[in-house]
Structure formats: structure tokens, C-alpha cells
Amino acid sequence: MLEDWKPSSFPDNDFLAKCQRGDARLIDIESYFEILKDFILRFPINDPRRCQAEEHYFQIEKILERMNPPQYTQIDPNTAFASPASSSPVKRPRQPREKTLGELESEIIAAATSSNPKLALTQVAALNGFQYSLVEHFATSLIEQQGLGGDYDLQKQAYTDCIGAIRELELKEDPGEKDWKLFDLARKYGRSKSEMLDNYYKSLLVQHLEDPISLQEFLEKNPDGQKWLLRGWIPERSITLFHGHGGIGKTLYTHHLIKHIVTGVDWEEYKVREGKNGVLYVQTDTPLPTAVEALKNADIPIDAPIQLQGDWRIEFMHYLYRWIEQQRPALVIIDSLSSACRFSTVSENQTEYARPILQLRDIASEFGCSFIIIHHSNGEGEARGSKAIRAAVDQVWKIDRATKNEEDPKRILTIQKSRSRATKRYELEFDDEEFSWNLLEPEDENGEPIQNRSARWLIVNHLHKNKGDRFCIQDLAQTVKISEATVRKELSGLAREGAIDKIRNPNWNSQFDRVPRYLYLMSS
């Protein structure tokens, strides 16, 4: 029908003006009206002529209503519509009265502002013989015209529904079915799959932005402050990226942490959270028999609460979600990020490579577990790949050789980033006999110890035994029988490392020097 119309342009502004002056024939007006309807239904919403055609459509509809008002068709079922094969009458339903533009607008606005606008607009489209996209476009225009855009944003509702559907697919479906349904979802919302997933990735970034709150509100919500799985090292609900060159000892150090977590044995002055702490160990870098042998060498009990998995991939996020939901581990270790992403079509230098880490953050928040993700260093000694990987995690650890001698068992472990404690370098030494790592006392340039490890242990042990009680420097010095100067020095370091808690004394007043400004405790 559209091809038969041969005006100088379409939509035809000259013909519309002719209709409005009353110079056009009714048959021509009706023909143009049908052509407009055909154009609107066939052409995409982003066609620049589409909006103009819709305006012409409503203008012509008004003209037709004035020239030929809707009539009720009277039907005589006994004579008018008898079947040719029978004298029996065939009943024909009464034709509904065509709605005016005002009635249609009211119906669309009511649907768009209902509790389920998508369903209501779908019903309006079906009842009036329009495509849903056309009705939705009209609804959007009407809402904007009446100043309701802030309260009823149809595009935002569609976006929210789409993001929710993707999240369900990402966590619940197998990769093949997920990919199939993602393509179907993209067609449904008129986007390409890559555009839709890019929007989803951006939504994950925004989800972790929280509104500012006052200090008092934060303290009311978090009366115990930062909670730890392993004091000073692994915060609860956190994601740690642990990187280093191949063969440097990343996996061995991870086994060392596993042992302390599952047995509940403290590591030096760093306390393990009380209670049963299970571990889900996803080892995709080496065969499971090799990993199990290394765990046995680390003297980890065979009945320890450890679950092993050896062939997980990042595409199987829904399986990881299900395992964590069922087992509720305190710690999940992924060794390594590169092997888990080995079939990914995204380069590790692309920002999107960090998207699964944001999904892990959602899982950590939902189930209260912590993640350690083992990764590789690049030639400059930094974590390999996109900077978005580093930005997506709470902590970044780096392990490197203490010297160039490959036989030297000493390593330098650097906390490069942490949202829970101060950054710091630690010197470790691997014990072949115990298959564990020992913290070495830091020394100054003259070889003198910087820390008093014995004093640190005594302070932490006393605070742990009196968990929740607050102590000033003088009280601690008298109790553990160490000089105030030593206690003051070690307390400051322990608090920065997250091994203990430091709070402001509510009774402190600058006019009274005898009241200590800070108090120290172990809250969890």
C-alpha cells in the first residue's frame, strides 16, 4: 500500500494541509490514513519520519471522526447474515465503536501509570490492534507531555526488568541455555547482545555505590567495626587478589592460610575467627591429586571442612553460586583467575574481564563469605591485565622473592591495597619441614628489630581473652608487664594492621590530660 503513494515526500505535509482545509476527498483521506498506519507498523521507531507519521495519523483520525462519525451497526441476524448453505441464521458480533483520540490517550496513560505498566500496555495494544512498540512509544510521549516522566519512566522500568533477567541468567542457568536466552532477551528489548551485556556490566558497577551516611549512622549499623575471618589479613565479605610470578609460592601460601582457617589455629599474633570455618577450594591450575598431596603435606586434617573442585570455569557462575548457597563456606579460593577464564572470549586487558569479580562481590555480600583469587604478575611486577581487576577487589597482595637467589626460601609479601587496614611489606620464610610460612621480624638498616614480636603477642592475647573490653595504654602496660613506651609503639602498629581495634575514648576531653584519648580492644 505504501508503495502506491507517490507524493513529493512522505509523510505528505501538503496533503495534510489540504485535508485540514477540507479540500481533500474522503476516499483520499481514508487511503492516506491506512497508508500512515501501514508505515507506522512497518518502520522502526528510530526512523526520523516515524514521529512525523504518528502526528499525521492522529490529525487525520480527528478529521475522519468529524467527517464520518462512528455509527452503531444494526444487524438483523434473521436475514442479513444467513449462511448460504443453510437457512439457519449465523450471528455476527456487534462491531465495537472506534475510540476517539482522547479516549485512547486516557486508556494508554492509565495503563502506563498502573502497577504493572508493561502488562497493561500489552493489553491496550491487543485490544486496539496496535503493535506493543507503537503503544509504548505513545505512552512515553504522553507521560512526558503531562510532566509525569519522573514518576513513570517506562524506559527505566524496561531497563530494570532487563538487568534483573540477565542477573537471573548469569547465576542460575547453564552456559548454553544462558547464551540462547541472552540472545532472545536482546531481541526482546531491541538491543544487541553485546550492548545489553555492556549495560549489565555498568549496572554492576553502580550497584556498589552506596548513598553517603553520617558517621553516627555507620557506627550504629556496624557497632563492632570491621569483622575479620583472619585478623589483619582476610576481612569478612571481602575479595582479595593475590598475584605473583609462576613458582613463587602463591599456592603454598594459600595452603598455609587454609590450614589456619579450617583448624582455627591462630597465625602468630593474628587471630582466626571463632567457630566452624569451611573452605571451598577451586583449583583449576593444577590437577586435584597434586593439590590434595600438597594439602596433606601442609598437615591439614583429612576431615577438615574443605570442599575441592577442579574443573570450574567463569562461565559456570551459577554452579559456584549453588555450591556456596548449599555449603556456606567462610572462604572461597579460586586458583587461578587465568585458568578459570581460559575459555573466555574477553581479553584480560579489557575492562569487561573484571565483570565476574563484581558478580563474586554480590555472592560474597549475599552469603557472607570471603574470596581469594590467585592471579599472575606481569613483567613490571604488577597484577596482569586490566586495571579494572584491581579496582574491583578489596585487597591486593603481591608475593615476590626476597633476593635474586632462587634457592632462598624467603619471600616478600606486600599488601598493596586494602580497604580494611594499612598497606605493609612482610618478610616470610618457608619452612620445608613444617610446610608452613613463618613471619620474620622486620629490621632497620642496622639489623635491629623494628617490632617486639613477644610484646605484640602478649597484647593481642590479653585483648582476645577479654574480648569487647576496652583498655588504655597504661592498663595494658601494667597487665602484660611491658613498658608504656613499648606498648604504645606496638599498639599503633597492631591497629594499623587490623590485628586489634582502636577507638576514640568517649570520655576524652582536651582540657583533661589524664583521660586517655584512645582505647584498644578486640571486638570480633
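So, here is what we can say about the structure in this document. Every value quoted in this text rests on a predicted model; they were computed, and no experiment measured them.

## A look at the pattern of salt bridges
At step 1: Under the criterion given, the structure shown has 19 salt bridges.
At step 2: With its nearest N and O atoms 3.0 Å apart, the salt bridge here joins E236 to R273. On the criterion of sequence distance, the pair formed by E236 in the loop between strand 2 (234–235) and strand 3 (239–244) and R273 in the loop between helix 11 (250–263) and strand 4 (279–283) is long-range, its members being 37 residues apart.
At step 3: Judged by its relative accessible area of 27%, R273 falls in the partly exposed class.
At step 4: For E490, the salt bridge identified is with R456, shortest N-O distance 4.0 Å. In this pair, E490 sits in helix 19 (residues 484–497) while R456 sits in helix 17 (residues 453–465), placing the two residues 34 residues apart along the sequence.
At step 5: Since its relative accessible area comes to 3%, E490 is described here as buried.
At step 6: Taking relative accessible area as the criterion, R456 reaches 1% and is therefore assigned buried.
At step 7: Here the salt bridges do not stand alone but share partners, grouping E268, E269, K424, R453, R456, E490 and E497 into one network.

## Structural notes on helix 12 (residues 288–297)
At step 1: Among the residues of helix 12, those classed as buried are A291, A294 and L295. Along the axis of helix 12, the buried positions cluster into a sector of 100°, meaning they face one direction only.
At step 2: Structurally, helix 12 contributes buried residues whose contacts are with helix 11, strand 4 and strand 5 (306–309).
At step 3: Immediately beyond the C-terminal end of helix 12, within one or two residues, lies D299, with a positive phi of roughly 65°.

## Here's the deal with the packing of aromatic side chains
At step 1: Within the structure shown, the criterion is met by 19 aromatic pairs.
At step 2: Measuring from centroid to centroid gives 5.1 Å for F15 and Y32, while their planes differ by 75°, and the two rings are edge-to-face. With a gap of 17 residues between them, F15 in helix 1 (residues 13–21) and Y32 in helix 2 (residues 26–42) connect regions that are remote in the sequence. The two residues F15 and Y32 agree in class, both being buried.
At step 3: Three or more aromatic residues joined by ring pairs form one cluster here, namely W233, F242, Y253, W267, Y270, W397, Y426, F430, F435 and W437.
At step 4: A cation over a ring is seen here: K502 above Y518, with NZ or CZ 4.3 Å from the ring centre.

## Description of the packing of helix 4 (residues 101–112) against helix 5 (residues 117–128)
At step 1: Look at helix 4 against helix 5: their axes get within 7 Å of each other, and the N-to-C directions meet at 155°. In terms of their interaxial angle, helix 4 and helix 5 are classed as roughly antiparallel. Contacts between helix 4 and helix 5 involve L104, E107, I108, A111 and A112 from the former and P117, A120, L121, V124 and N128 from the latter.
At step 2: Across the contact of helix 4 with helix 5, the residue classes tally to eight nonpolar, one polar and one charged.

## Here we look at unusual backbone geometry
At step 1: Residue D335 is joined to S336 through a cis peptide bond whose omega torsion reads 10°.
At step 2: For S336, the location among the structural elements is in the loop between strand 6 (331–335) and helix 14 (337–340).
At step 3: Here R237, not a glycine, exhibits a phi torsion of approximately 60°, which is positive.
At step 4: Take R237: it is sitting in the loop between strand 2 and strand 3.

## A look at the nonpolar core
At step 1: Among the nonpolar cores identified, the biggest contains 53 residues, and W233, I234, Y253, I258, W397 and V487 are the most heavily contacted of them.
At step 2: It is helix 11 that contributes the most residues to this core, five residues altogether.
At step 3: Among all residues touching I234, those that are not within four sequence positions of it are W228, L229, L257, I261, L331, S370, I372, Q395 and W397.

## Considering a positive patch on the surface
At step 1: Taken together, the side chains of R496, K502, R504 and R517 present a region of like positive charge at the surface.
At step 2: Secondary-structure assignment places R517 in the loop between strand 12 (501–504) and strand 13 (518–521).

## Notes on the sheet that holds strand 8 (residues 395–401)
At step 1: Strands sit in the order 5-4-6-7-3-8-9-10-11 across an open sheet of nine strands; the sheet is mixed. The sheet is open, and its two borders are formed by strand 5 and strand 11 (436–439), each paired with just one other strand. Shown here is a sheet whose adjacent strand axes are inclined to one another by a mean of 25°, direction ignored.
At step 2: Pairing of strand 4 with strand 6 involves five bridges; the strand directions are parallel. Within strand 6, the residue paired with V279 across the bridge is L331.

## With respect to the pairing of strand 10 (residues 424–431)
At step 1: In terms of strand pairing, strand 9 (residues 410–418) meets strand 10 through six bridges, oriented antiparallel. Across the sheet, residue I412 finds its bridge partner in strand 10, namely E427.
At step 2: Once strand 9 ends, the chain turns through five residues before running back antiparallel as strand 10.
At step 3: By the bridge criterion, four bridges tie strand 10 to strand 11 in an arrangement that is antiparallel. In the strand pairing of strand 11, D431 is matched with S436.

The rules behind each value
- Residues numbered from 1 in each chain as written.
- Predicted model: local features only at pLDDT ≥ 70, side-chain atom pairs only at ≥ 80, totals over all residues.
- Heavy atoms only, no water.
- Salt bridge = Lys/Arg side-chain N within 4 Å of Asp/Glu carboxyl O.
- Helix = DSSP H or I, 4+ residues; strand = E, 2+ residues; numbered from the N terminus.
- Buried < 20%, exposed > 50% of the residue type's maximum accessible area, 1.4 Å probe, protein only.
- Arc of directions from axis to C-beta.
- Contact = heavy atoms within 4.5 Å.
- Phe/Tyr/Trp six-rings, centres within 6.5 Å; stacked < 30°, edge-to-face > 60°.
- Lys NZ or Arg CZ within 6 Å of the ring centre and 35° of its normal.
- Axes fitted to C-alpha atoms, helices over the stretch in contact; angles between N-to-C directions.
- Parallel < 35°, antiparallel > 145°, perpendicular 65-115°, else oblique.
- Nonpolar A, V, L, I, M, F, W, Y, C, P; charged D, E, K, R; others polar.
- Core = buried A, V, L, I, M, F, W, Y, C linked by side-chain atoms within 4.5 Å.
- Patch = residues over 30% accessible without salt bridge, like charges linked within 9 Å, V, L, I, M, F, W, Y side chains within 5 Å.
- Areas by Shrake-Rupley, 256 points an atom, 1.4 Å probe, with all protein chains shown as cover.
- Lys, Arg positive; Asp, Glu negative; His and termini not counted.
- Charge placed at Lys NZ, Arg CZ, Asp CG, Glu CD.
- Pairing = 2+ DSSP bridges.

Any link to function would need more than the numbers given here.
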